[in-house]
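Structural description and commentary
In case you want the letters, here they are:
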Amino acid sequence: MSGQPSLVARLFWTSVAGLGLGLVYGPPALGATVAGLCLVLLRHLGRPGRFRARVRRIARRHAGTLALRRRQECFVDAYGNEIRDGWLRECDYFLDRTVLPQLEARFPDYVVTRRPEALAIVEAVAEAADLPEADEAPEDGIGYEQFCLGRLKAAGWRAHPTPASGDQGADIVATRGRTRLVVQCKRYGKPVGNAAVQEAAAARRYWEAQAAAVVSNAGFTPAARKLAAATGVALLHHDALGTLAEEDLLAEA
């Protein structure tokens, strides 16, 4: 892998340059060479700390989103097991797409060797971020729809529920500015699948909306995420509704 010179190479070339200068300028140059070798060694020994600090800074810039994803993608199955598969995939995605591209130039040798350490930092940042209490959302479907409706209104959307029959896949229709949004609400105990994404995409066409979203307390399956990316449907946790803006949705379309 290309990148910065190794410690051995740095020490070697510093010694060669220092000895050459020592032949010309004598003991002062040799003393400076020794000091230079110490600086090279100290800087090398400090690289792991700088790497960790850099990963932590990047992760903290996205702490809120990471914490929401962690909440979405971790759940307890019917057997009482904590399922973290979706969250682990999210961590890998965040590391590969957001963190490592910013570190490859300065830490090319750490991209692979210290990946577990970087993932642990992402986990710690997500766990430490403050989020509203998860249990404030109603358990029943109708109550959850009203809960989401209230959050959209608090964010400045003019929102109303659709009729119980003939909703064509939308539980809520909301407008803000020139954007009409259709929302499918899912209060689940496990990740939401493809069907909800298909319903939201169909509802967008039916209601002639510019944006569509599936909102859930739980996460989304990999298949649902893939379909959402292809159809421009936003996948949201209900905590995101309180600050939802038009540009957040139109970026998905």
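1. Focus: the packing of helix H4 (residues 63–73) against helix H5 (residues 85–99)
How two helices sit against one another is set out by the angle between their axes and by the gap between those axes. Here H4 crosses H5 at 150°, and the two axes come no closer than 8 Å. One element, H4, and the other, H5, form an angle in the roughly antiparallel class. From H4, Leu66, Arg69, Arg70 and Glu73 reach across to H5, where they touch Gly86, Trp87, Glu90 and Phe94. Among the residues making up the contact of H4 with H5, the classes are represented as three nonpolar, one polar and four charged.

2. Digging into helix H8 (residues 141–154)
With 14 residues, H8 extends 20 Å from end C-alpha to end C-alpha; this agrees with the ideal 20 Å at 1.5 Å per step. Among the residues of H8, Gly143, Tyr144, Glu145, Phe147, Cys148, Leu149, Arg151 and Leu152 are the ones counted as buried. Of the surrounding elements, those touching the buried residues of H8 are strand S3 (158–161), strand S4 (172–176), strand S5 (179–186) and strand S6 (211–216). Directly after H8, the chain includes Gly156, whose backbone phi takes a positive value near 100°.

3. Let's talk about H5
An ideal rise of 1.5 Å per residue puts 21 Å on 15 residues; H5 measures up with 20 Å between its terminal C-alpha atoms. Structurally, H5 contributes buried residues whose contacts are with helix H3 (47–61), H4, helix H7 (115–128) and helix H10 (222–231).

4. Some points on the sheet that holds strand S7 (residues 234–237)
The sheet built from five strands is open, its strands ordered S3-S4-S5-S6-S7 with mixed pairing. Looking at which strands have only one partner, the edges of the open sheet turn out to be S3 and S7. Strand-to-strand twist of the sheet, defined as the mean angle between neighbouring strand axes without regard to direction, takes the value 25°. Bridge analysis of S3 against S4 gives four bridges, and the strand direction is antiparallel.

5. Brief notes about the pairing of S4
Where burial is concerned, most of S4 is hidden: four out of the five residues are buried. In this structure, S4 lies alongside S5, joined through five bridges in antiparallel fashion. Note that in S5 the partner of Arg176 across the bridge is Thr179. A loop of two residues connects S4 with S5, the two strands running antiparallel in sequence, and Gly177 in this loop sits at a positive phi of about 60°.

6. A short note on the side chain of His237
By secondary structure assignment, the location of His237 is in strand S7. Only 3.0 Å separates the side chain of His237 from the backbone nitrogen of Asp239, close enough to count as a polar contact. Residues within four places of His237 in sequence aside, it is in contact with Leu68, Arg71, Gln72, Val215, Ser216 and Asn217.

About the thresholds
- Residues numbered from 1 in each chain as written.
- Predicted model: local features only at pLDDT ≥ 70, side-chain atom pairs only at ≥ 80, totals over all residues.
- Heavy atoms only, no water.
- Axes fitted to C-alpha atoms, helices over the stretch in contact; angles between N-to-C directions.
- Helix = DSSP H or I, 4+ residues; strand = E, 2+ residues; numbered from the N terminus.
- Parallel < 35°, antiparallel > 145°, perpendicular 65-115°, else oblique.
- Contact = heavy atoms within 4.5 Å.
- Nonpolar A, V, L, I, M, F, W, Y, C, P; charged D, E, K, R; others polar.
- Expected span 1.5 Å × (residues − 1).
- Buried < 20%, exposed > 50% of the residue type's maximum accessible area, 1.4 Å probe, protein only.
- Pairing = 2+ DSSP bridges.
- Polar contact = N/O pair within 3.5 Å; in protein donor to acceptor, adjacent residues only side chain to side chain.

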